[in-house]
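Chains, contacts and geometry: an overview
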Amino acid sequence: MKKSPYPRIALLSGCIVGISLLHYLTPLHLPMLHDIFQRLYYIPIILAAFWFGLRGGIISALVVSVFYVPHILFQWGLVPSIELEKFLEIVLYNVVGGITGFLSQKEESRREELQRTAEGLEESYRKLQEQTDMILKIEDQLRRAERLSALGELSAVLAHEIRNPLGSIRGTAEILRDDFRPEDRKYEFLEILIKEADRLNRVVEDFLGLARPVPTERETCDLLADVQEIMDLVAPEAAARGVRLNVVPQQLPSVHGSRERLRQVFLNLVLNAIQATGPGGSLTVAARLLPATGEMPPRVEVSFADTGKGIEPERLERVFQPFFTTKHGGTGLGLPIAQRIIESHGGTIHVESELHRGTTFIVRLPV
């Protein structure tokens, strides 16, 4: 923001008028004082040249000349030699004002040019930074695509080499279990075998889900209604663990997407939160509409905030990596699958956490 020139103009005018009054009011028999006053005129001339450039220096010198000439004519006119000297001083006023103003103006132009260059460099650096961020993002997406490709190949092998023998093991264990009574110790061992076979089968299912293409069928989804149904579904487990469930209602526009897949994401996040929250804790699900900003369209935000123990900062960046888990007995595939589903809908999912305060997962989907 430019400063107003009027205070400076007032200061220069005051200086010129004050020096002129000193000239006119000082008796002529004190020539030493007049010489001093005569030199003082250079102060407003040089200041005007510095502040306003060539035009300021010349105008200030002309104003000084107008104020000083009457003093020469009417007070020093009786001494021709001194009068000539005074007129030469007026010429110097204008020369000094013009040269100083010219140099000051050149310096100001150079400063503005350097400033424009600096701004151009800053803009170039900003664009370069944006391009670098985009390249890193694309590189990360390529790495993820490469991992998914490897998972896809590996999942085909798993489906054949693990699930079929696993089904045979489970079926055999069920047949053997029928030969024993529930109070028999071997019956208990066979129950464990069946349960572990089921758990291993779920791991393989999750692994296949991570590599399986996301369905493209889309429909109109009422996210808040889906969340409420999921909360009703998990209410018994939450009550058994002593966890309070809260839903913050709000009118939201519909989202176009795969209702089944989105419910899968929400159910995963709700179950994770309940399991991470101890007795007396709570899970709060809130939703709101985010208005459009710049190139970003309006979005619906759904947050899942628990009061559990939280996640360590060094682990927080890894929660969406396949096979990374902080849960005992977890597969580490639930959150990567959830992230893949949300991103396939054009949305985002991220996590915020603070130790001993809780964790919040935030899902944003375009309207």
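Structural data are supplied above this passage.
Residues numbered from 1 in each chain as written. Predicted model: local features only at pLDDT ≥ 70, side-chain atom pairs only at ≥ 80, totals over all residues. Heavy atoms only, no water.

1. Looking at the overall build of the protein
- The helix and strand tally for the protein stands at nine helices and seven strands.
- In the protein, which comprises 367 residues, the proportion classed as buried is 32%.
- Considering only residue pairs separated by 6 or more positions, the protein has 70% of its internal contacts joining residues 24 or more positions apart.
- Total accessible area computed for the protein in this model is approximately 22900 Å², and 60% of it derives from carbon and sulfur atoms. (Helix = DSSP H or I, 4+ residues; strand = E, 2+ residues; numbered from the N terminus. Buried < 20%, exposed > 50% of the residue type's maximum accessible area, 1.4 Å probe, protein only. Contact = heavy atoms within 4.5 Å. Areas by Shrake-Rupley, 256 points an atom, 1.4 Å probe, with all protein chains shown as cover.)

2. Notes on the layout of surface pockets
- Roughly 860 Å³ of internal volume is contained in the second largest pocket.
- For the second largest pocket, the lining is made up of 24 residues, of which P5, R8, W51, F52 and G53 are closest to its centre.
- At ten residues, helix α3 (residues 42–75) tops the list of elements feeding residues into the lining of the second largest pocket.
- Of the residues contributing to the lining of the second largest pocket, the split by class is ten nonpolar, seven polar and seven charged. (1 Å grid on protein atoms, 1.4 Å probe; cavity = no way out; pocket = protein on both sides within 12 Å on 5 of 7 lines; lining within 4 Å. Points joined across faces, edges and corners; volume = space filled by probe spheres on them. Nonpolar A, V, L, I, M, F, W, Y, C, P; charged D, E, K, R; others polar.)

3. A closer look at the packing of aromatic side chains
- Counting across every chain of the model gives four aromatic pairs.
- Seen in terms of ring centroids, Y41 and Y93 are 5.7 Å apart; in terms of plane orientation they differ by 70°. Their pairing is edge-to-face. Linking Y41 in the loop between α2 (31–40) and α3 with Y93 in helix α4 (residues 80–177), this pair joins segments that are 52 residues apart in sequence.
- Taking relative accessible area as the criterion, Y93 reaches 0% and is therefore assigned buried.
- Ring geometry for F320 versus F361: centroids 6.3 Å apart, planes at 90°, classification edge-to-face. Of this pair, F320 sits in the loop between α8 (313–316) and α9 (334–344) while F361 sits in strand β7 (residues 358–366), and the two are 41 residues apart along the sequence. Here F320 and F361 have matching classes, each one buried. (Phe/Tyr/Trp six-rings, centres within 6.5 Å; stacked < 30°, edge-to-face > 60°.)

4. Regarding the sheet that holds β7
- Strand order in the open sheet formed by five strands is β2-β4-β5-β7-β6, and the pairing between neighbours is mixed. Looking along the sheet, the strands with just one partner apiece sit at the ends: β2 (244–248) and β6 (348–354). Geometrically, the sheet is characterised by an average inter-axis angle of 15° between neighbouring strands, direction not taken into account.
- Packing of helix α6 (residues 223–241) onto the sheet brings it into contact with β2, β4 (282–290), β5 (299–306) and β7, and relative to β2 it is tilted by some 170°.
- Strand contacts of α9: β6 and β7, with the helix running at about 25° to β7, the strand carrying the most contacts. (Pairing = 2+ DSSP bridges. Axes fitted to C-alpha atoms, helices over the stretch in contact; angles between N-to-C directions.)

5. Regarding the environment of H256
- You can see H256 is positioned in strand β3 (residues 255–257).
- Put simply, H256 and E219 are 37 residues apart on the chain and 5.4 Å apart in space, counted from C-alpha to C-alpha.
- Every residue in contact with H256, bar those within four places of it in the chain, is listed here: R218, E219, T220 and H345.

6. A word on the packing of helix α1 (residues 6–25) against α2
- For the pair α1 and α2, the least separation of the axes is 10 Å and the interaxial angle reads 160°. As judged from the angle between their axes, α1 and α2 are roughly antiparallel. Viewed along their axes, α1 and α2 form a crossing whose handedness is left-handed. Listed contacts from α2 to I19, L22 and H23 of α1 are H34, F37, Q38 and L40.
- When the residues that make up the contact of α1 with α2 are grouped by side-chain class, the tally is four nonpolar, three polar and no charged. (Parallel < 35°, antiparallel > 145°, perpendicular 65-115°, else oblique. Left-handed = near helix turned anticlockwise from the far one by under 90°.)

7. Brief notes about α9
- Most of α9 is tucked away, with eight of its eleven residues classed as buried.
- All of the buried residues in α9 are L335, P336, I337, A338, Q339, R340, I341 and I342.

8. As for the pairing of β4
- Relative to β4, β2 runs parallel, the two being bridged by five bridges. The partner of R244 across the bridge, within β4, is S282.
- With eight bridges joining them, β4 and β5 adopt antiparallel strand pairing. Counterpart to L283 in the pairing with β5 is D306.

9. Notes on the side chain of T100
- Note that T100 resides in helix α4.
- Sequence-distant contacts of T100, defined by excluding residues within four places in its chain, comprise I46, A49 and F50.

10. A short note on α2
- Residues of α2 that are buried: H34, F37 and Q38. The arc that holds every buried residue of α2, seen down its axis, measures 105°, which confines them to one face. (Arc of directions from axis to C-beta.)

11. A closer look at the packing of helix α7 (residues 259–276) against α9
- Put simply, α7 and α9 touch, their axes get as near as 9 Å, and they point 145° apart. Of the two elements, α7 crosses α9, and the hand of that crossing is left-handed. Two secondary-structure elements touch here, α7 through R261, L262, Q264, V265, N268, L269 and N272 and α9 through G334, L335, I337, A338, I341 and I342.
- Looking at the contact of α7 with α9 residue by residue, the class counts come to eight nonpolar, four polar and one charged.

12. Description of the nonpolar core
- Of all hydrophobic cores here, the largest spans 39 residues; its most connected members are L223, F266 and F304.
- For this core, the secondary structure elements donating two or more residues are α6, α7, β4, β5, α9, β6 and β7.
- Excluding its chain neighbours within four sequence positions, the residues that come into contact with F304 are F266, L269, V270, L283, T284, V285, T359, T360, F361 and V363.
- Ranked by size, the runner-up nonpolar core spans twelve residues in total, among them I16, I19, Y68 and I90. (Core = buried A, V, L, I, M, F, W, Y, C linked by side-chain atoms within 4.5 Å.)

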